[in-house]
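Fold and geometry: a report
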Amino acid sequence: MGKRLIISEEERSEIRGKYNLIKEEEILSFPFSFFHNDWNYVLSVMKGKPFKIEGELDLSKSDVKSLGSLQSVLGNLYLHRSNIESLGDLENVKGKLNLGNAKKIKSLGKLKSVG
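Here we summarise the structure given alongside this text.

Calculation rules
- As a convention, each chain's residues are numbered from 1 in the sequence order in which they are written.
- Whole-chain, interface and lining totals are the exception, using all residues; otherwise, since this is a predicted model, local features are given only for residues with pLDDT of at least 70 and side-chain atom pairs are given and counted only at 80 or more.
- Where side-chain values are given, they derive from all heavy atoms of the structure, hydrogens and water being excluded.
- Strand pairing is assigned whenever DSSP identifies at least 2 bridges connecting the two strands.
- By definition, any uninterrupted DSSP run of H or I lasting at least four residues is a helix, any uninterrupted run of E lasting at least two residues is a strand, and each is numbered from the N terminus.
- Note on classification: 1.4 Å probe, protein chains only; a residue is buried when its accessible area is under 20% of the maximum for its type, exposed when over 50%, partly exposed between these limits.
- When the strands point away from the viewer and the path from the first strand over the helix to the second turns clockwise, the crossover is right-handed.

Pairing is parallel across the open sheet formed by three strands, whose spatial order is S4-S6-S8. Both outer strands of the open sheet, strand S4 (57-58) and strand S8 (97-98), are each paired with one neighbouring strand and no more. Across two bridges, the pairing between S4 and strand S6 (residues 77-78) is parallel. Paired with Asp 58 across the strands is Tyr 78, a residue of S6.

All right, on to the pairing of strand S2 (residues 27-31) then. Within a regular beta strand, the side chains point alternately toward one face of the sheet and then the other, so they alternate between its two faces. Among the five residues in S2, four count as buried, and that is most of the element. Pairing of S2 with strand S3 (residues 51-54), which is carried by four bridges, proceeds in the parallel orientation. Across the sheet, residue Pro 31 finds its bridge partner in S3, namely Glu 54. Tracing the backbone out of S2, into helix H2 (residues 39-46) and back to the parallel element S3 gives a crossover that is right-handed.

Further remarks concern unusual backbone geometry. With a phi close to 45 degrees, Lys 47 is a non-glycine residue in the positive phi region. Looking at where Lys 47 falls in the secondary structure, it is placed in the loop between H2 and S3. With relative accessibility at 54%, the residue Lys 47 sits in the exposed group. Of note, Lys 61 is a non-glycine position whose phi angle comes to about 60 degrees, a positive value. One can find Lys 61 in the loop between S4 and strand S5 (70-73).

Structure below.
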């Protein structure tokens, strides 16, 4: 697991500007690789604020339990063989959704569309 960083709102704004993160009605959109493919890091920085992942999100074989305030994946979402229990606030996946062998899934949350 990667290092956990604590940043202020000012630093968060600076990061947004520096890396040209896209704002859509106050919903940030960024590639997963921006956070070094570390889901816990994403959640700690976003602190419950809605966001979208550009491109693919691969959390297969992970211990992730929930997708939190993630609203959309603009590519494929891989959750196979993970410990995912809930898709949280996820509303849509533009590509494929793989939940194969995600045996602990209890809720699809707010999911409306895939593909």
